[in-house]
Amino acid sequence: CARSVSTFSERGLVQGINFTCVNCCLCSPRLEEVPLEVLRQRESKWLDMLNNWDKWMAKKHKKIRLRCQKGIPPSLRGRAWQYLSGGKVKLEQNAGKFDELDVALGEPKWLDVIERDLHRQFPFHEMFASRGGHGQQDLFRVLKAYTLYRPEEGYCQAQAPIAAVLLMHMPAEQAFWCLVQICEKYLPGYYSEKLEAIQLDGEILFSLLQRVSPLAYKHLSKEKIDPILYMTEWFMCAFSRTLPWSSVLRVWDMFFCEGVKIIFRVGLVLLKYTLGSSEKLRSCQGQYETMERLRALNPKIMQETFLVQEIIDLPVTERHIEREHLIQLKKWKETHGELQCKSPPRFHGAKAIRDSEPYSCKALEPSPSIILPPGAALSPKGRKSKPRRGAHKGPLVTGKQANGPVPEENGSQTLLEPDSSLLHQSKESLSSRESEDTYL
């Protein structure tokens, strides 16, 4: 599974990468065995969370994070990724949009490139094995739709493996909106024409390495190996072409929950355990030997149980990343000038994405649990209520009037029409309680 050094062409990772490598799926170790009883318990807990998603996100986000770290049950992984990324909400906000993009004609220059890339994505996976099969067709639809949805970005080759992994877990429309969230919220600017965001993150990774593994940092500095040479494919493909499959899934579970810091942590762990000791550096005396070692990582450090625990334990936070981002951005402006592609702000995980949406908080507003009939009054338990002189004789309505029936003058009840924005704002709350078939 050797890969050549990634180099930049006009659209990024085009030259020098062996795209037929399947991230070692065939030689990957088997998925970590989870006892059936434990798996069923986890499924039950995740079903409860997904069916009450707003409440869990608002009040028990730490519990969601812990459960993502343990691994999402395979039967619910696709649905959970949609909820974590906000892709489900995005789909509901844009009902019919994917169908509209699906039937539209795409830009010929992008269609040709996408068509050539289809057979390179996980060719030994049954979904993508046959040319023109349903997996390749759906992959084409998703990638074409994105070029129409974001024509200023078009298509970048690194988006194909991302979309392919999503399609293994959900239908094309849901995969499209998850891809949109990854490109816009999790990794903004990664797939733009100049790839400035990925270059900046390369410098951030290298700076963080100085804290995590001074030996590895010193060696890479001495050999003058630019971060872009080894981390581009790691980050742009979210390690889907680097790690064994079982590790990819666990990393993505945490990535959707906690954001890009998981990608940074994986990169730092791999560098630390590849170049972080004097013993390991003895066999990496030059630039060529070092790059060869980074292209052929030790399978032991990529093993699911070991890697996941190292990721969880590594003390690199969003604050570290954002602080370093400001430093590297300042250096970039001094050497390169202003960024040519202005990327939207990056959101660090599911909670940050949810909190950025104004409707999600209002969806949890309580509605009155007790509504009294016209003419009734609330009185203490065991006492008869006596109307006070001059008191209003109308019905008592607890809570906000917009949430419950309001009496008309003739005594009958009618429901106030809720504000259209409130209807829109509560969509995710309503949809979270709906029952869905698991996509297998």
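Per an unreviewed UniProt entry, the protein goes by the name TBC1 domain family member 10A and belongs to Python bivittatus.

For the rest of this paragraph, the subject is the nonpolar core. Within the largest apolar cluster, 111 residues are counted, with the highest numbers of intra-cluster contacts made by Leu166, Phe176, Tyr230, Phe235, Trp252 and Leu270. Considering every element that reaches this core, the biggest residue donor is helix H10 (residues 172-186), with 10 residues. With near-sequence residues (within four places) excluded, Trp252 lies in contact with Trp81, Ile162, Val165, Leu166, Cys237, Ala238 and Ser240.

All right, on to unusual backbone geometry then. The phi torsion at Lys224 lies on the positive side, around 55 degrees, for a residue other than glycine. You can see Lys224 is positioned in the loop between helix H12 (214-222) and helix H13 (228-236). Residue classification places Lys224 among the exposed positions, given a relative accessible area of 69%. Here the phi dihedral of Ala238 falls at roughly 50 degrees; this positive angle occurs in a residue that is not glycine. Along the chain, Ala238 turns up in the loop between H13 and helix H14 (245-258).

With that out of the way, let us pick up the state of the cysteines. Applying the stated criterion to the full structure yields zero disulfides. The thiol sulfur of Cys156 is not disulfide-bonded, and the nearest other cysteine sulfur, from Cys237, lies at 8.2 Å.

With respect to the helices, strands and loops of the structure, Leu220 is situated in helix H12. Put simply, Leu220 and Gly286 are 66 residues apart on the chain and 9.8 Å apart in space, counted from C-alpha to C-alpha.

The next thing to look at is H10. An ideal rise of 1.5 Å per residue puts 21 Å on 15 residues; H10 measures up with 20 Å between its terminal C-alpha atoms. Most of H10 sits out of view: 13 of its 15 residues are buried.

This part takes up a positive patch on the surface. On the surface, Lys45, Lys55, Lys59, Lys60, Lys63 and Lys70 cluster together into a positively charged patch. When contributions to the positive patch are tallied by element, the ones reaching two or more residues are helix H2 (53-59) and helix H3 (61-70). Relative to the helices and strands, Lys59 is located in helix H2.

For the rest of this paragraph, the subject is the environment of Ile301. Its location among the elements puts Ile301 in the loop between helix H17 (287-295) and helix H18 (304-313). Taking the C-alpha atoms as reference points, Ile301 and Thr274, 27 residues apart in sequence, are found 8.3 Å from one another. Discounting chain neighbours no more than four positions away, the residues touching Ile301 are Leu270, Tyr273, Thr274, Phe306 and Leu307.

To continue, consider the side chain of Ser213. Here Ser213 lies in the loop between helix H11 (196-212) and H12. Those residues in contact with Ser213, other than ones at most four positions away along the chain, are Lys272 and Gly276.

So, how was this worked out
- The residue count restarts for each chain, going from 1 along the sequence in the order it is written.
- Where totals are concerned, whole chains, interfaces and linings use all residues; where local detail is concerned, this predicted model gives features only for residues with pLDDT of at least 70, and gives and counts side-chain atom pairs only at 80 or more.
- Each side-chain value is worked out from all heavy atoms of the structure, with water and hydrogens disregarded.
- Here, the term nonpolar core denotes a set of buried Ala, Val, Leu, Ile, Met, Phe, Trp, Tyr and Cys residues that are joined through side-chain atoms within 4.5 Å.
- When a residue's accessible area, from a 1.4 Å probe over protein chains only, is under 20% of the maximum for its type it is buried; when over 50% it is exposed; and in between it is partly exposed.
- Numbering goes from the N terminus for both helices and strands, where a helix is a DSSP run of H or I of at least four residues and a strand is a run of E of at least two.
- Note on contacts: a residue pair is in contact if any heavy atoms of the two residues lie within 4.5 Å.
- Counting rule for disulfides: a pair of cysteine sulfur atoms within 2.5 Å.
- What a helix should span is 1.5 Å times the count of its residues minus one.
- Patch membership requires over 30% relative accessible area and the absence of a salt bridge. Like charges are linked within 9 Å, and nonpolar side chains (Val, Leu, Ile, Met, Phe, Trp, Tyr) within 5 Å.
- Values of accessible area rely on a 1.4 Å probe in the Shrake-Rupley scheme; residue burial ignores everything except the protein chains shown.
- In what follows, salt bridge is the name for a side-chain nitrogen of Lys or Arg lying within 4 Å of a carboxyl oxygen of Asp or Glu.
- The positive count covers Lys and Arg only, the negative count covers Asp and Glu only, and His and the chain ends enter neither.
- For this purpose, a charge sits on NZ of Lys, CZ of Arg, CG of Asp or CD of Glu.

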